[in-house]
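# Descriptive structure summary
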Amino acid sequence: MPRDGTATRNRILDSAERLVLERGFGATSVDAVIAASKSSKGAFFHHFASKDDLGRALVARYAASDIEHLERYMAAAEAESEDPARQVVAFVRLFEEDADDIVAAQPSCLYVSFVNERQLDPEGTAEPIVEAIVAWRVRLLEKMRAAAERSPVPEGLDLEALADHVFVTFEGAFILARSLQDGAQMRRQLRLVRMLLEQTFGVGPGA
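Predicted model only: the values in this text are computed from it and were never measured.

## Side note on the overall build of the chain
The secondary structure content of the chain amounts to ten helices and zero strands. Across the chain, contacts joining residues at least 24 apart in sequence account for 70% of those joining residues at least 6 apart. Of the roughly 11000 Å² of accessible surface on the chain, a fraction of 52% belongs to carbon and sulfur atoms. Between the centroid of the 24 positive side chains of the chain and the centroid of its 33 negative side chains there is a distance of 6 Å.

Laid out in structure tokens, this is it:
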């Protein structure tokens with residue numbers, strides 16, 4: 001019976017992700033990934049046809065995890081209240097409460113590494129990134145529109161831009177945390193977004 005190569009594949013992906021977050025995709029060589037994962041060239045090319053193939057697999061896995069986090073935290077927020085305004089605020093608050101652990105586990109964002117090196121971006125790598133960004137927008141916008149139907153929001157407020165702003169804050173906070181070597185930046189930025197959402201939708205302590 002052939003051996004299941006899942007563990008080896010995941011080990012290579014884990015090592016490659018760490019290196020890409022540290023160095024960028026362009027500066028991460030196949031040899032470096034092989035050495036870091038303690039695997040062989042044969043094992044690497046058994047699972048990945050090329051470095052570009054590895055890049056596509058990295059981004060696809062990261063995007064799937066990103067969407068899983070989105071849905072898990074949204075489900076937790078929905079369990080707290082039936083009010084969509086309170087749900088969207090709770091969604092950000094739950095991430096805020098877990099911010100230190102999130103940054104410790106993932107000090108930077110793989111999307112940034114690939115988007116910043118667009119000229120190195122192999123065909124098809126951008127698709128999972130776009131799908132994940134759109135998934136965040138759709139899920140948050142659904143809640144914000146439902147909240148706006150229940151209570152007035154500032155005239156001219158672009159709800160789609162506000163939904164994107166939540167996602168942008170996560171990405172920007174990763175950059176701040178890494179650049180300043182200060183994991184608390186994630187928590188601070190999410191707190192500001194939560195307060196903005198509370199004011200926008202009239203939700204907060206005692207509201």
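After presenting the structure, the write-up continues.
## Examining the environment of Glu-131
Looking at where Glu-131 falls in the secondary structure, it is placed in helix α8 (residues 126-150). With 67 residues separating them along the chain, Glu-131 and Ala-64 place their C-alpha atoms 9.4 Å apart.

## Here's the deal with the environment of Phe-114
Residue placement: Phe-114 occurs in helix α7 (residues 110-115). Between the alpha carbons of Phe-114 and Phe-91 there is a distance of 27 Å; along the sequence they are 23 residues apart.

## Thoughts on unusual backbone geometry
Positioned with a positive phi, Lys-38 is a non-glycine residue whose angle comes to about 55°. Following the sequence through the fold, Lys-38 ends up in the loop between α2 (30-36) and α3 (41-47). Phi at Gln-181 is positive, roughly 55°, even though this residue is not glycine. Here Gln-181 is to be found in the loop between α9 (159-179) and α10 (184-201).

## Notes on the pattern of salt bridges
Counted under the stated rule, the structure contains 17 salt bridges. Arg-137 serves as the salt-bridge partner of Glu-160, at 4.0 Å between the closest nitrogen and oxygen. Of this pair, Glu-160 sits in helix α9 while Arg-137 sits in helix α8, placing them 23 residues apart in sequence. For Glu-160, a relative accessible area of 35% puts it in the partly exposed group. Assessed through its relative accessible area of 26%, Arg-137 is described here as partly exposed. When the shortest N-O distance is used, the salt bridge between Glu-198 and Arg-194 registers 3.0 Å. One end of the pair, Glu-198, and the other, Arg-194, are both in helix α10, four residues apart, so they sit about a helical turn from each other. Since its relative accessible area comes to 15%, Arg-194 is described here as buried. Sharing partners across several salt bridges, the network here consists of Glu-71, Glu-78, Arg-139, Glu-142 and Lys-143.

## What about the side chain of Glu-96?
Its place among the elements puts Glu-96 in helix α5 (residues 84-97). Setting aside residues no more than four positions away along its own chain, Glu-96 makes contact with Arg-187, Leu-190, Arg-191 and Arg-194.

Thresholds applied
- Residues numbered from 1 in each chain as written.
- Predicted model: local features only at pLDDT ≥ 70, side-chain atom pairs only at ≥ 80, totals over all residues.
- Heavy atoms only, no water.
- Helix = DSSP H or I, 4+ residues; strand = E, 2+ residues; numbered from the N terminus.
- Contact = heavy atoms within 4.5 Å.
- Areas by Shrake-Rupley, 256 points an atom, 1.4 Å probe, with all protein chains shown as cover.
- Lys, Arg positive; Asp, Glu negative; His and termini not counted.
- Charge placed at Lys NZ, Arg CZ, Asp CG, Glu CD.
- Salt bridge = Lys/Arg side-chain N within 4 Å of Asp/Glu carboxyl O.
- Buried < 20%, exposed > 50% of the residue type's maximum accessible area, 1.4 Å probe, protein only.

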